[in-house]
Amino acid sequence: MKRLLINPPLLNTPCPWCSELDNLRELYACEHTGAITTRTSMLTPYPHDWEINQYVLFDSTKHQVASVNTQDATSQQTASLNTIGLSPNNLETSLGFVQIISDEQEANQLTKPIIISVAGTPEDVAEAYRSISAKQDQVKMPLAMEINLSCPNLPGEVSPAYHSEDLVPYLSALQSEILDQKATGVDRGLPIGIKTPPFTYQDQYDELVSALLEATKNPDFPSLPLAFVTTTNTLGSSLVMTGDQPTLHSSNGSGIGGLAGTAIHALSLGNVYTLRQLFDNHDQLKDIQLIGVGGVNDCASFERMKAVGADFVGVATALGVKGSKVFAEILS
């Protein structure tokens, strides 16, 4: 399986500000991104409604909020809360955006990778990989797939990354799909990764490592079907208040959602550091690349992510605060 090649080692991660074609065009044209990521798509559209699927940028020290669903943050409002869920665009639409961007590139122009973020059942994910692999023959840029296992805003859903028995079926489904492609002589070996939720105690790390090691015991596919891990997604069960009321609406009426931005930077650093140490302890896992995400909004936070073991660094909330110019600021 191919590894990610991202230079400069900076990219966006799935967020409200990479949802549509114009967002992706701007990110792809930015000379300071080494890759871009689409917003997480399912095979069928997620039922998005701006009245209940919302975000807000806020100051995590004073809890002063910007406008809901609006990029009007001050320089101090560097945290975010969202109750959004996944993309209202299905995978087919997202791949259509990729095709348009590819068609707009000149024939001999150097192209940066696009990571397609997907979600669904193990069977859905295998089908998504099949579709993305087929799209690779039609576009100029390298493609990769990231499986979002960690959105905290899906009612009744618990991240498969927390439990080995839930994660192993995803890895097995990918192995079966890759073997099927190899049997027909069309396997493109696209990089595959998973996006994990924040881990807050050792047993959660152990469950992830256990699942990854279990996948390497498949006699028909004795290697890991993953090239990278993205850590972390937003921290669920978080609440921002305006006066004595929740600032956001949500599908269950609580206004509770996923926390991101500088408010989770220390936790994200801890996740990247711990996963790097754990992976390096196993020959089967030491080649896994890490995309470190969480609270990166300037050069210093970028350097901290690199120092704890991130091969590449992802940005989400800071993109909402500053727009695409944030990538130049980070690399300055």
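Below is a summary of the structure that appears in this document. Source: prediction; values computed, not measured.

## Topic: the packing of helix α3 (residues 122-136) against helix α4 (residues 164-183)
Relative orientation of the contacting elements α3 and α4 amounts to 35 degrees, with a least axis distance of 8 Å. The two elements α3 and α4 meet at a crossing, and its hand is right-handed. Where α3 abuts α4, its residues P122, V125, A126, Y129, R130 and S133 lie against P169, Y170, A173, L174, E177, I178 and Q181.

## So, empty space enclosed by the protein
In total, this model carries two cavities of 30 Å³ or more according to the counting rule given. By volume, the largest cavity is sized at about 410 Å³. Lining the largest cavity are 33 residues, and of these P14, C15, N82, N233 and T234 sit closest to its centre. For the lining of the largest cavity, the elements supplying multiple residues, two or more each, are β4 (79-82), β12 (257-261), β14 (312-315) and α8 (317-322). Approximately 30 Å³ is the volume attributed to the second largest cavity.

## Quick look at the packing of aromatic side chains
One pass over the full model with this rule turns up four aromatic pairs. Where F199 meets Y205, the ring centres are 5.2 Å apart and the plane angle is 75 degrees; that geometry is what we call edge-to-face. For F199, a relative accessible area of 1% translates into the label buried. Among the aromatic residues, ring-to-ring pairing joins W17, W50 and Y55 into one connected group. Taking the ring centre of Y28 as reference, the NZ or CZ of K112 above it sits at 5.5 Å.

## Remarks on the pattern of salt bridges
Enumeration over the complete set of coordinates arrives at ten salt bridges. Ionic pairing is found between E104 and R25, a salt bridge with its closest N-O pair at 2.5 Å. With E104 in the loop between α2 (91-103) and β5 (114-118) and R25 in helix α1 (residues 21-29), the pair connects residues that are 79 residues apart, well separated along the chain. Classification of E104 by relative accessible area gives partly exposed; the value is 40%. Taking the shortest distance from any N to any O, the salt bridge between E329 and K322 comes out at 3.0 Å. Under the relative-accessibility criterion, E329 is labelled partly exposed at 32%.

Cut-offs and rules
Residues numbered from 1 in each chain as written. Predicted model: local features only at pLDDT ≥ 70, side-chain atom pairs only at ≥ 80, totals over all residues. Heavy atoms only, no water. Axes fitted to C-alpha atoms, helices over the stretch in contact; angles between N-to-C directions. Helix = DSSP H or I, 4+ residues; strand = E, 2+ residues; numbered from the N terminus. Left-handed = near helix turned anticlockwise from the far one by under 90°. Contact = heavy atoms within 4.5 Å. 1 Å grid on protein atoms, 1.4 Å probe; cavity = no way out; pocket = protein on both sides within 12 Å on 5 of 7 lines; lining within 4 Å. Points joined across faces, edges and corners; volume = space filled by probe spheres on them. Phe/Tyr/Trp six-rings, centres within 6.5 Å; stacked < 30°, edge-to-face > 60°. Buried < 20%, exposed > 50% of the residue type's maximum accessible area, 1.4 Å probe, protein only. Lys NZ or Arg CZ within 6 Å of the ring centre and 35° of its normal. Salt bridge = Lys/Arg side-chain N within 4 Å of Asp/Glu carboxyl O.

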